[in-house]
Every structure is written in C-alpha cells, then in structure tokens.
Amino acid sequence: MTVPPAAYVLLSTLLFVLGALGVLLRRTALIVFMSIELMLNSVNLAFLSFARMHADLSGQLVAFFVLVVAAVEVVVGLAILVDIFRTRDTVDVDEVDLLRG
Amino acid sequence: MGLVVPWIIGLPLAGWILNGLWGGRLGHRPVGWIACSAVLGAFILGGWEVLALLRAPADAAVVVRLWEWIASGDFRIEAALRLDRLSALMVLVVTGVGFLIHVYSVGYMHGEEGYSRYFAYLNLFVASMLLLVLANNLLVLFVGWELVGLCSYLLIGFWFEREEAARAGRKAFVVNRIGDAAFVLGVCLLFVLFGTLNFEEMARRVRAVPSGQLAMATLLLFVGATGKSAQLPLYVWLPDAMEGPTPVSALIHAATMVTAGVFLVARLWPLFAALDILPNIVAAVGAITALFAATVAVTQVDLKRILAYSTISQIGYMFLGLGAGSATSGLFHLTTHAFFKALLFLSAGSVMHALSGVIDVRRLGGLGRAMPLTTASFLVGACALSGIPPFAGFFSKEHILESAYHAGLIHLWLVGVVTAGLTALYITRAAILAFGDPPADPHAHPHEAPPVMAWPMIVLLILSAAGGFLGAQALGDPFHQYLAPLFEKKTVPPARGLDGLVLGAVSVAAAAAGIVVAWAVYRGRRDPDLGAVGVFLRRQWYIEDLYRAVVVAPAEAVARFCAGVVDLRWIDGVLNGLAAWIARIGTGVRRWQSGYVRQYAAVFLVGTVLAVSYWLFR
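Residues numbered from 1 in each chain as written. Chains lettered and ligands numbered in written order. Predicted model: local features only at pLDDT ≥ 70, side-chain atom pairs only at ≥ 80, totals over all residues.

**Q** An account of the overall build of chain A is needed here, citing residue identities and associated values.
**A** Each helix and strand in chain A was counted, giving 3 helices and 0 strands. Start at the N end of chain A and walk to the C end: the helices and strands fall as α-α-α. On C-alpha atoms alone, chain A measures out to a radius of gyration of 17 Å, which is more than a quarter above the 13 Å that the 2.2 N^0.38 rule sets for 101 residues. Across the 101 residues of chain A, 12% fall into the buried class. Considering only contacts in chain A between residues 6 or more positions apart, those separated by 24 or more positions represent 46%. (Helix = DSSP H or I, 4+ residues; strand = E, 2+ residues; numbered from the N terminus. Rg over C-alpha atoms; globule rule 2.2 N^0.38 Å. Buried ≥ 20, exposed ≤ 12 C-beta atoms within 10 Å, placed from the backbone. Contact = placed C-beta atoms within 7 Å.)

**Q** Before we move on, could you go through the interface of chain B and chain A and cite the residues and values that matter?
**A** Taken residue by residue, the interface counts 11 residues in chain B and 10 residues in chain A. Per-class residue counts for the side of chain B that touches chain A are 5 nonpolar, 3 polar and 3 charged. (Nonpolar A, V, L, I, M, F, W, Y, C, P; charged D, E, K, R; others polar.)

**Q** Outline the packing of helix α1 (residues 4-26) of chain B against helix α4 (residues 115-134) of chain B, supporting the account with residue identities and numerical values.
**A** Residues and elements named next belong to chain B. Direction vectors running N to C along α1 and α4 enclose 165 degrees, while the axes themselves pass 8 Å from each other. Between α1 and α4, the crossing angle belongs to the class labelled roughly antiparallel. The handedness of the crossing between α1 and α4 comes out as left-handed. Along the contact surface, α1 presents V5, I8, I9, P12, L13, G15, W16, N19, G20, G23, G24 and L26, while α4 presents S116, F119, A120, N123, L124, V126, A127, L130, L131 and L134. (Axes fitted to C-alpha atoms, helices over the stretch in contact; angles between N-to-C directions. Parallel < 35°, antiparallel > 145°, perpendicular 65-115°, else oblique. Left-handed = near helix turned anticlockwise from the far one by under 90°.)

**Q** I'd love a proper account of the pairing of strand β2 (residues 75-83) of chain B, names of residues and values included.
**A** All names here are of chain B. Where strand β1 (residues 62-72) meets β2, 9 bridges bridge the pair, whose relative direction is antiparallel. Its bridge partner being in β2, I70 is matched across the sheet by I77. Connecting β1 to the next strand, β2, in antiparallel fashion are 2 residues, including G73 with a positive phi near 65 degrees. (Pairing = 2+ DSSP bridges.)

**Q** Before we move on, can you summarise the confidence of the model for chain B with the specific residues and values?
**A** Looking at chain B as a whole, the pLDDT averages 85, with 98% of positions reaching at least 70. This complex was scored by the predictor with a pTM of 0.78 and an ipTM of 0.85. (pLDDT = per-residue confidence, 0-100.)

**Q** Go over the nonpolar core with me, naming the residues and quoting the values.
**A** Judged by nonpolar contacts, the single largest core of 205 residues is most densely connected at L130(B), L134(B), V265(B), A342(B) and A404(B). Ignoring sequence-local partners within four residues, the contact set of A404(B) consists of A283(B), L320(B), A324(B), L409(B), L412(B), W413(B) and G416(B). If you look at the next biggest cluster of nonpolar residues, it comprises 6 residues, including A20(A), A29(A), F33(A) and V93(A). (Core = buried A, V, L, I, M, F, W, Y, C linked by C-beta atoms within 7 Å.)

**Q** Account for the packing of helix α14 (residues 303-323) of chain B against helix α17 (residues 392-406) of chain B, with residues named and values stated.
**A** All names here are of chain B. It is the contact of α14 with α17, at a shortest axis distance of 8 Å, that shows an interaxial angle of 45 degrees. Of the possible angle classes, the one that applies to α14 and α17 is oblique. Seen along the crossing, α14 lies across α17 with a hand that is left-handed. Contacts from Y317, L320 and G321 of α14 reach α17 at K397, H399, I400, S403 and A404. Taken together, the residues of the contact of α14 with α17 break down into 4 nonpolar, 3 polar and 1 charged.

**Q** With reference to specific residues and values, describe helix α19 (residues 451-466) of chain B.
**A** Residues and elements named next belong to chain B. Across its 16 residues, α19 extends 22 Å between first and last C-alpha, which sits within 8% of the 22 Å expected from 1.5 Å per residue. All of the buried residues along α19 are M453, P456, M457, L460, L461, L463 and S464. Residues of α19 that are buried in the fold lie against α3 (85-108), α15 (327-354), α16 (372-386) and α17. (Expected span 1.5 Å × (residues − 1).)

**Q** Could you give an account of helix α18 (residues 410-435) of chain B, naming the residues involved and the relevant values?
**A** For α18(B), with 26 residues, the first-to-last C-alpha span of 37 Å sits near the 38 Å given by 1.5 Å per residue. A large share of α18(B) lies buried, amounting to 22 of its 26 residues.

**Q** Account for unusual backbone geometry, naming residues and giving values.
**A** Residue P233(B) is reached from L232(B) by a cis peptide bond, and omega for that bond is 0 degrees. Along the chain, the position of P233(B) falls in the loop between α8 (211-228) and α9 (237-240). Cis geometry marks the peptide bond from P389(B) to P390(B), where omega comes out at 5 degrees. Note on placement: P390(B) falls in the loop between α16 and α17. Positive phi is not limited to glycine here, since A55(A) has a value of about 50 degrees. You will see that Y542(B), though not glycine, has its phi angle at about 65 degrees, which is positive. In this fold, Y542(B) is placed in the loop between α22 (531-538) and α23 (543-589). For Y542(B), a count of 12 C-beta atoms within 10 Å translates into the label exposed.

Below, the structure is given as structure tokens:
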C-alpha cells in the first residue's frame, strides 16, 4: 500500500501548525527554539512532497538549503540563548523585553 | 619678459602660503624674512620690468595669457595679466612702499601674538593689490578688488578679541560690499555693451556703444571706486579702520587699498573720457570729498583718525585731478601721497609704539626731544602733505589744481585751494598737539623707534622730501613724460608760464595761511573749543549719524525682527510644532512595541496568513 502524497502535505501542515502554536504559546526560549526547528522541518517535508508530486528536483534542492540554514541558525541561536541566560538568569522570552517602547 | 610678470604676484603669494601654513612653527625671525623678501623680490622684478618698458615704445604693454578662465558660449574670459606703464608704476608703488611697511612691521609687531598670521595677511594684501593692478580685464581686476577688501577686513580686525576692532573690520567689509555690488552691476553692463571686458578692446570700441548705457555702467563702476577709495558717500569705513595695527593703516592708505579706486578710473580712462559729464562728476565728487574730509580732520583728536580723514581728502584731490582730465597729475599725487602718508602713519605708529598705545593728541606732546627722528619724519610728512615747496606733495597738488583750473573747473579749483589751506591747518594742529611743548604727561618716557622701524621711516622721509622732483617742470616733468603717452588724447598738458606760477603761489599762500592760523590758534598745545561748528565737524557733518538713522538703524531693526520674530517665532515655531507632532505620534505608536517576542510572532503569523490568503483568493 502506498501512502498518497496528499497525506505527506497534510502531515507537514499539522507539524507546521504545532510548531507555530509552540512558538506562540510556550515561554521557555529553548522550547520556542525547538518549535521553530519543527516549523522549518515541516516546510522541508512539504518541499520534498511537492518535488515528488511534480517530479521536479528543485524542491529537494531547496530542502537542502533549508537544512544548512537551519543548522547555522541553531548555532547562532543557541549561542544567543546561552548568553541571555548568563546575563539575565532566565530563558523566559516574556522577561526579555529590552525593546519595549 | 612676460615670464617675469606672474612672479611679481607669485612671490608675495608664496610668502602668504609659507607664512600662513608654517609661520606658526617658524619663529619670528624667519617669518619676517620670508614676508619682507617676498615683497622686495616683487619690487626688484617690477623695477626690472620698468627698465625694460622704458626702453620699449611708450604705449608698449606686456600681456601674459595664463589660461582661459571662463568659457561659456560668448562669455569668454582669460586669466591674463597686463603690464604697461600704468600698472608698472602701481607695481613699484605697491611693492616699494609695501616693502618698507613690511620692514617697519617687523619691529612694530615684535612680540605680538599672531605674528605669522599678521605677515601672512600682509603678503596676501600686497599680492591681491598686485593682481588688481596687473589685471588685463575687469573680471581679473575684480578678483584682486575683492581680495583687497577681504585682506582689509582681516587686518583691520586683526585684534579681533577687541569688540571695536571686530566691528571696524565688519564695517569696512560691509561698506565696501555696497560699492562692490555697484561694481559688479557695472561690469555686467559693460559686458553687455562691449561683449568683452578686456581693457584694450573696450577702449577701442568705446565710440560704438550707446552713450547713455555707457554712462550708466561707468557711473556704477565709479560708485565701486568711491567705496574702495573711501570717497563720499561711502567713506565711513576708513576712519574706523584705524582699529587695525598702525602699519596696516599705512599699507591701506598708501599702497594697497584706497588707491585702487583711483587706479580703476585711470585704467578705464577711455571710458570715462568718452562723455563730458563723467569726468565732471568724478572731479566734483573728489573736490567735495577733499573739502569735507579736511574740515572734519581739523576737529579730530585721534592722531590716526586725523591722518585717515587726511587720506580721504587727498584721494579726493586725486579724483579731482583725474576728473579735470589730467590722469597723470592724479597718479602723480597717488605716488607722492603714498610716500608721505606712509611716512606720517609710520611716525604715528612710532609714537604709539613709544607710548604703549596712546594716540589721543590731547595726551601726547613734548615728543620732540625724546623722538627726534619720529618728529622729523612727521614734520617732513606734514610739509609734504601741506604742499610746501619743495616737498613732494607740493608738486603733485600743484599739478592737480592747475589742471582743474585750466579745465575750466574754476569753482572746484577754488574748493581745492581752500582744502589746501585746511590741510595745512589740520596737519599743523596735529603736529603741534602731538609733538609740541608742553607735554601732557611729564612722567612719560618715550623712546625712539628701534633701527628696524627707523630705516623705513628714513627712506620714506627722503622720498617725501625729494620725490616731488619726479614731476618738477624744471626737470622736464619726467613723471608726466612717463605716463602721458597712455592718456595722450585726453590729457590736457599742464600749462606753463606765468599762469602756472600764479596758481602755484595762490595754493602755497593758502597752505602758508593754514599754517599761520594753526600756529596762532594751537600754539602751546591749546585746543580751543570751536562750539557748535566744532561739534558739527567732529560729527562728520552728521553724515555718520544720518547713515545710522537712515540705513543702520532700519537694517538693525529688520535684523532684530528677523532674528526675534521670523526666526524664533515663525521658523522655529513651524519646526518645533512639526517636531512636537511627530513626538506625539511616536508616543501613541510606541505602545505597539510591547517587547513580547511572542506577540511579535503572532502579529507576524497573522500578517503572513493574511498576505498569503490575499494572493490565493483574490
């Protein structure tokens, strides 16, 4: 039995929504961060599914780019996170509000 | 020969650059050496050129085309220099007298703060004046004209920490600016008329242009000349210019500034002579200014101011000579005046130097024994100024009065004779009050000037005493022979014979009468009160007050209105109002910036969803 491509797209959508909800609802920076990763990878999944459906390699290509960018972003993001924890003793995103007008 | 001409300007200019950029680090001696040798070099080059010109035909001119300065359609101006007998004479006067004043300044400004700045300005002043006299067209002349104005501003306000000095510098600049505005208009009009600003070409085509417009343009230029040469009605800056260091006054009066207007009229003589009315206007303005300034000089108590009014008066004589059709006599007086007025100023400077700045003649007196050289210099200068034969001023003033008489300007001649008497009167008064006995302050211990200041005075003393023989008729009037070919068709040759002798006797008698009256009135350093007349004269016939009421006060009121109402209320009001509004909007908008990352993300998400759905479902 083959899984229809639409199912992959649906799964991707579900994962994206989960990720978005995680970003919006969770306050721990680390969890927010993981949610962002989840969103990125759900998009990757969508890219791959569409590449398969349209028999077009460019979707896979973009997925690689996303992977690379996500890896880089993790490095930078985690470094920032560690620094915030050191200086402010918290990783609660609601308490990091230096930019409040 | 042509290669040398730019260097006449280039040497003082190089001195200016050297002293201006590195003078502060050089120390006093090198600065003085650079400045003096630059001007001396220019003088030597100028002398070299004059020798060459004397061998050439009389109307020969060296024109050096440096580069094409402006080329815009038909408007083509060359940066070109012109050396003929007229500009060569001016070069010699400017650099010769200028050099002596430079040397004198080495002593006078010794130990002064801003020593190198002073000499840099002085060199630039000389270079500007040289550019002015060597210009081949009106626009190049105008560059020198403006630079001279700038330098006078810088040097009059040299001690700018003093409010009066700064104000005097500003006044000189602004009053000159009024004249310069007319000058620029005149230049524009001349270009429209002639299609060129080259002196030679304008002179050649002068018959071909409509006379009304030519008169207009020439009169505008003459207004510029009255500004630069401190004639009525724009004389007011010169008396105040005494706030500068005394050698600067000497330079302005003798060499580099006030003679510019006389030179301009002489240079444009073909244009002025084209219409009968113009020379008469020039002569009338000159004669009236001469009389006016001489009467004011009688009542002044500041020695330098007396000399300043005397300069205004003498420049008036020069214009009278020019207007009477004898450009050579005006230029001869310019030359001798440069000698004796520089001498008088350097003597006055020597007095100030000796008495640490006292210049009020009521506080002087009794200087004769302590300062024999200075006293002798002042007396020789005074004699030359009064026109006592055989001193220099006698010959030149004689030429002017004679040519005025022979040109049929009898009433102006009369004014000139009266002025000659007044001239003798005020300078004798100044000499008595400043140098005569008894001293106002018996405890003062004046000392004679140091050698570096004495030598220039001695040279000028000799020139003032003997320089007049350049124009002596007994010697064939070499000065006239030298310059006359340039003005040949327009110049009335000074008449010879009995008539001339009688006229000479009349003006010498006037001068003698002036001296006698001064001796009778001021003997023993008395300075009697002249009552209402004295007040009238001391206040410059109320001209200064008139200007203050009619021009300065309204201008200040307008300025105050602009500063207080237009700027503070209107412009600042609009700007501050705008800024307040923006601040208010910002206060409102800042609430959106909550600082909650999750809120931003939510807004971001909603926005993305909306945008995407717009593109999907439109």
